[in-house]
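# Inside the fold
Chain by chain, the residues:
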Amino acid sequence: MFKKLNPLLHNELRLSIISYLVTKKEASFSELKQVTKASAGNLSVQIKKLEAAGYFTVEKSFKNNYPHTQLEITPAGEKAFKDYLKALKSYF
């Protein structure tokens, strides 16, 4: 029986973000922008959606007088990713 894929994670950019955070545990906005090759605006929108779901925390600060945004995956984010992979495997 096929399992339903999480629609929030079934998006290329959001899946890229959560996949990266699962392996790294935390990353800066700049790092994610570089890795995903997404525009700052699109990345920001997708981050807000994943943060609202509780998949990671976002901490904003300043580093050398420049804005710095740090993201850290939560247990809920790790579980959502694992559940997504299990659902995906049900299609094989």
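Only a predicted model underlies this, so the values are computations on that prediction, with no experimental measurement involved. (Residues numbered from 1 in each chain as written. Predicted model: local features only at pLDDT ≥ 70, side-chain atom pairs only at ≥ 80, totals over all residues. Heavy atoms only, no water.)

As a further point, take the overall build of the protein. When you go through the protein residue by residue, the secondary structure sums to four helices and three strands. If you list the helices and strands of the protein from N to C, you get α-β-α-α-β-β-α. Principal-axis analysis of the C-alpha atoms places the extent of the protein at approximately 55 × 25 × 20 Å. In the protein, which comprises 92 residues, the share counted as buried stands at 35%. Partitioning the contacts of the protein with sequence separation of at least 6, the portion at a separation of at least 24 is 57%. Accessible surface for the protein amounts to roughly 6200 Å². Of this, 56% is attributable to carbon and sulfur atoms. Side-chain charges of the protein comprise 15 positive and 8 negative groups, with the mean position of each set lying 7 Å from the other. (Helix = DSSP H or I, 4+ residues; strand = E, 2+ residues; numbered from the N terminus. Buried < 20%, exposed > 50% of the residue type's maximum accessible area, 1.4 Å probe, protein only. Contact = heavy atoms within 4.5 Å. Areas by Shrake-Rupley, 256 points an atom, 1.4 Å probe, with all protein chains shown as cover. Lys, Arg positive; Asp, Glu negative; His and termini not counted. Charge placed at Lys NZ, Arg CZ, Asp CG, Glu CD.)

To continue, consider helix H2 (residues 29-36). Here H2 has its buried residues at Phe29, Leu32 and Thr36. All buried residues of H2 fall inside an arc of 65 degrees around its axis, so they share one side. For H2, the exposed residues lying more than 90 degrees away from the buried face are Ser30 and Gln34. Looking at the buried side of H2, the elements it contacts are helix H1 (12-24), strand S1 (26-28), helix H3 (40-52) and strand S3 (66-73). Remark: Lys37 follows H2 within two positions and exhibits a positive phi of approximately 60 degrees. (Arc of directions from axis to C-beta.)

In this sheet, S3 lies alongside strand S2 (residues 56-63) in antiparallel orientation, the contact comprising eight bridges. Bridge pairing links Thr57 to Glu72 in S3. Counting the residues in the hairpin turn of S2 and S3 gives two residues, including Asn64, whose phi is positive at 55 degrees. (Pairing = 2+ DSSP bridges.)

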